[in-house]
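Residue strings, one per chain:
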Amino acid sequence: MAAVSMTVNGHSVTADIDPRTLLVQFIRDNQRLTGTHVGCDTSQCGACVVHVDGKAVKSCTLLALQCDGSNVTTIEGLAAGGVLHPMQEAFREHHGLQCGFCTPGMIMSAVDIVNRKGNNLDEHTIREELEGNICRCTGYHNIVKAVEAGAKAMAGSSMKRAAE
Amino acid sequence: MYAFTYHRPETIRQAAGLLSRKEDAKLLAGGHTLLPTMKQRLASPGNVVDLGKVAEMKGIERKGRAVVIGAMTTHADVAGSPIVQEAIPGLAALAGNIGDPHVRNRGTIGGSVANNDPAADYPAACLAMGATIITNKRKIAADDFFQGMFDTALEEGEIITRISFPMPGKAAYMKFPNPASRYALVGVCVAKRGSEVRVAVTGAGASGVFRWAEAEAALAKRFSSKSLDGVKAKAAGLNADIHADAEYRAHLIGVMARRAVDAAVGK
Ligand SMILES: Cc1cc2nc3c(=O)[nH]c(=O)nc-3n(C[C@H](O)[C@H](O)[C@H](O)COP(=O)(O)OP(=O)(O)OC[C@H]3O[C@@H](n4cnc5c(N)ncnc54)[C@H](O)[C@@H]3O)c2cc1C
Ligand code: FES
Ligand code: FES
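Residues numbered from 1 in each chain as written. Chains lettered and ligands numbered in written order. Predicted model: local features only at pLDDT ≥ 70, side-chain atom pairs only at ≥ 80, totals over all residues. Heavy atoms only, no water.

### A closer look at the domain arrangement of chain A
All names here are of chain A. What counts, and what does not: Residue ranges labeled as domains rest on an automatic or database domain assignment. The contact rule is simple, with two residues in contact once any of their heavy atoms fall within 4.5 Å. Using a 1.4 Å probe, buried area is obtained as the accessible area two parts lose upon being combined, added over both of them.
Per the domain assignment, the segments of chain A are domain 1 (2-77) and domain 2 (86-155). On a C-alpha basis, the centroid separation for the pair domain 1 and domain 2 is 21 Å. With 17 residues of domain 1 at the contact, the number on the domain 2 side is 13 residues. Regarding the contact of domain 1 and domain 2, the summed buried area is about 1100 Å², with carbon and sulfur atoms giving 62% of it.

### Some thoughts on the interface of chain B and chain A
The criterion, for reference: Any carboxyl oxygen of Asp or Glu that lies within 4 Å of a side-chain nitrogen of Lys or Arg is treated as forming a salt bridge with it. Secondary structure elements are taken from DSSP: a helix is a run of H or I of four residues or more, a strand is a run of E of two residues or more, and numbering for both begins at the N terminus. Lys, Arg, Asp and Glu make up the charged group, whereas Ala, Val, Leu, Ile, Met, Phe, Trp, Tyr, Cys and Pro make up the nonpolar group; the residues left over, Gly among them, are polar.
Taken together, the contact between chain B and chain A spans 27 residues of the former and 25 residues of the latter. Taking both partners together, chain B and chain A bury about 2200 Å²; carbon and sulfur atoms supply 54% of that area. Of all residues in chain B, the largest losses of buried area upon contact with chain A belong to Lys 39, His 102 and Arg 106 of chain B, amounting jointly to 28% of the total for that side. Seen at the junction of chain B and chain A, the total is four salt bridges. Of the charged contacts in the structure, one is a salt bridge between Lys 39 of chain B and Asp 41 of chain A, with a shortest N-O distance of 2.7 Å. For the side of chain B that touches chain A, the secondary structure elements donating two or more residues are helix H2 (34-39) and helix H6 (101-106) of chain B. Top element by residues in the side of chain B that touches chain A is H6 of chain B. It accounts for five residues. In terms of residue class, the side of chain B that touches chain A is built from 13 nonpolar, six polar and eight charged.

### Digging into the site of ligand 1
The condition is simple: Residue proximity to a molecule or strand is established when one non-hydrogen atom of the residue lies within 4 Å of it. N or O atoms closer than or at 3.5 Å make up a polar contact, with two conditions inside protein: a donor-capable atom paired with an acceptor-capable one, and, for residues adjacent in sequence, both atoms drawn from side chains.
Contacts to ligand 1 come from 32 residues, most closely from Leu 27, His 32, Leu 34, Thr 108 and Arg 182 of chain B. With respect to ligand 1, the chains having nearby residues are chains A and B. For ligand 1, an oxygen atom lies 3.3 Å from a polar atom in the side chain of Lys 26 of chain B. Backbone polar atom of Ile 160 of chain B to a nitrogen atom of ligand 1: 2.9 Å apart, as the coordinates give it. Its residues placed into classes, the shell around ligand 1 shows 15 nonpolar, twelve polar and five charged.

### Some points on the side chain of Lys 58 of chain A
Within the secondary structure, Lys 58 of chain A sits in strand E4 (residues 55-58). Within the structure, the side chain of Lys 58 of chain A is placed 2.9 Å from the backbone oxygen of Ser 43 of chain A, a separation counted as a polar contact. Not counting residues up to four positions away in its chain, the partners in contact with Lys 58 of chain A are Ser 43, Gln 44, Gly 46, Cys 48, Val 49 and Gly 132 of chain A together with Asp 100, His 102 and Val 103 of chain B.

### Notes on the nonpolar core
Nonpolar side chains in soluble globular proteins generally cluster together in the buried interior. All names here are of chain B. Stated formally: Residue types Ala, Val, Leu, Ile, Met, Phe, Trp, Tyr and Cys, when buried and joined through side-chain atoms within 4.5 Å, form a set referred to as a nonpolar core. Per-residue accessibility, obtained with a 1.4 Å probe over protein chains only, is compared with the maximum for each type, and a residue is labelled buried under 20%, exposed over 50%, and partly exposed between these values.
One finds Leu 91, Val 113, Tyr 122, Cys 126, Met 129, Ile 163 and Phe 165 to be the most contacted residues of the largest nonpolar core, which totals 52 residues. No other element matches the seven residues that helix H8 (residues 122-129) contributes to this core. Apart from the residues lying within four places of it in its own chain, the contact partners of Tyr 122 are His 75, Val 78, Leu 91, Leu 94, Ala 95, Ile 98, Ile 109, Ser 112 and Val 113.

### Here's the deal with the sheet that holds strand E1 (residues 5-7) of chain B
Residues and elements named next belong to chain B. To keep it simple, the criterion reads: Strand pairing is assigned whenever DSSP detects at least two bridges linking the two strands. Fitted lines through C-alpha atoms serve as axes, helices being fitted only where they are in contact, and the angles separating the N-to-C directions of these axes extend from 0 to 180 degrees.
Spatial ordering of the open sheet is given by E1-E3-E2, a layout of three strands whose pairing is parallel. Strand pairing shows two members of the sheet lacking a second neighbour, E1 and strand E2 (25-28), which therefore form its edges. Mean inter-strand twist for the sheet, computed between neighbouring axes without regard to direction, equals 25°. Taken together, the three bridges between E1 and strand E3 (residues 47-50) define a ladder with parallel strand orientation. Looking at the pairing, Thr 5 lines up with Asn 47 of E3. Those strands touched by helix H1 (residues 12-21) are E1, E2 and E3, and its axis lies near 150° from that of E2.

### So, the packing of helix H2 (residues 86-93) of chain A against helix H5 (residues 141-155) of chain A
Residues and elements named next belong to chain A. Definition in use: Handedness of a helix crossing follows the sense of rotation of the near helix relative to the far helix, less than a right angle counterclockwise being left-handed and clockwise being right-handed.
As a packed pair, H2 and H5 sit with axes 8 Å apart at the nearest point and diverge in direction by 140°. The crossing of H2 and H5 is right-handed. Of the residues in H5, those touching H2 at Pro 86, Met 87, Ala 90 and Phe 91 are Ile 143, Ala 146, Val 147, Ala 149, Gly 150, Ala 151, Ala 153 and Met 154. Broken down by class, the residue content of the contact of H2 with H5 amounts to eleven nonpolar, one polar and no charged.

### A short note on the layout of surface pockets
To keep it simple, the criterion reads: Lining residues are those with an atom within 4 Å of a point, where the points come from a 1 Å grid over the protein atoms alone and group into cavities, where a 1.4 Å probe fits but cannot get out, or pockets, open sets with protein on both sides within 12 Å along at least five of seven lines. Grid points are joined across faces, edges and corners, and a volume is the space filled by probe spheres set on the points.
Estimates place the volume of the second largest pocket at around 580 Å³. Residue assignment for the lining of the second largest pocket shows that the elements contributing at least two residues are helix H3 (103-117) and helix H4 (123-129) of chain A together with helix H3 (75-80), helix H5 (89-95), H6 and strand E11 (170-177) of chain B. The biggest single contributor to the lining of the second largest pocket is E11 of chain B, with five residues. Tallied by class, residues from the lining of the second largest pocket come to ten nonpolar, seven polar and nine charged.

Quick look at the structure:
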């Protein structure tokens, strides 16, 4: 066992874990934050995307111990005081999901795109940047629309940096 | 994944000490090759030495006519570096096309070069640009470093600390990505420095990255994609798999090489 400490959605947490524990297992099983999903467990699908120190990463391909001392934001950390984050709101408004399995990863990736590329995103950029996120339901069309609208909405929001 | 003991050194010296002292120890850089391999139980190190907190292995600097990149520098940091973008734009572009944004946020140049995946992008740039791989023990020329599929000149306990790229006059990398994985089905890097032209091919060779001598000779006469008209890569010795047969890969080498030359001359 090994000790790990990190900040998850603004709360500092400490635990004694098996070194094999992946960040996604730590988030889901240890922290009981089950919004972050495991779709493939082979670094392909992006259902497990969270932010570590402000950067989007696939939490199935990271040991929790590699995040010791880091600041982690999951999908649960986006909404504030019962109000959806503008990117979440845009996915609802534009029907950017069907079964919803890929959605937490899509939204965490989308917020990361805005952080890097700004609020005015064209369709080509969005599709390129969503390279690491797979959706088996929607055909992506409404996801792309949602990201474009969410990016614009984030410009006028105080929650734009994903609570980091 | 089998159980292991985890170590987090803060200096290269500590990391090297752990590697030599601990039985069955393996370095962990970005983990984007090693962790999937451990999950599949194709690797089962008893000790994992995480380089994530070794600050002296990160960063990018310009040293005279070379760009020196720390082994623990992520693909995203190379892609976004103003130093690399200015000195070797083709290298920044290569890094920005590895995998997807999440992979680029974790994967490192040292991990990629040490792993020498036959479909990886960086080995082509190292070989074409004549990079030097710097370890905690010595300096190794790229020509001597890549020794076959997943095989390098690294010895037991040796750690890549930095990679030095001499600035080419002109260079570019073009890849035909596997649509699912984004690894190179075929990738070609061309670099011209003075009168020397080097062409390195990744993704295609059955024993990993290689130089394409015929194209180098043709381009040395005149550095233009037209010089490659009629220069054909041979299918013998190329990979054939469900994604592409050897003939198709040979064809793609020519296409990617011409596109890379066009990009290098700014066409
Ligand atoms: C979904 C996905 C898509 C990808 N697409 C591409 C792609 O398009 N092109 C591409 O080139 N790559 C691609 N990769 C691979 C990616 O670039 C990896 O990050 C890289 O190959 C390994 O780097 P790492 O830092 O993750 O190394 P790790 O996985 O941590 O280590 C890899 C190996 O190198 C050794 N090692 C690491 N650092 C050092 C060092 N400093 N000195 C000596 N040995 C060391 C380790 O012990 C291990 O054996 C992809 C990976 C994934 C998961
Ligand atoms: S579960 Fe992590 S990428 Fe699919
Ligand atoms: S909505 Fe079902 S996988 Fe995307």
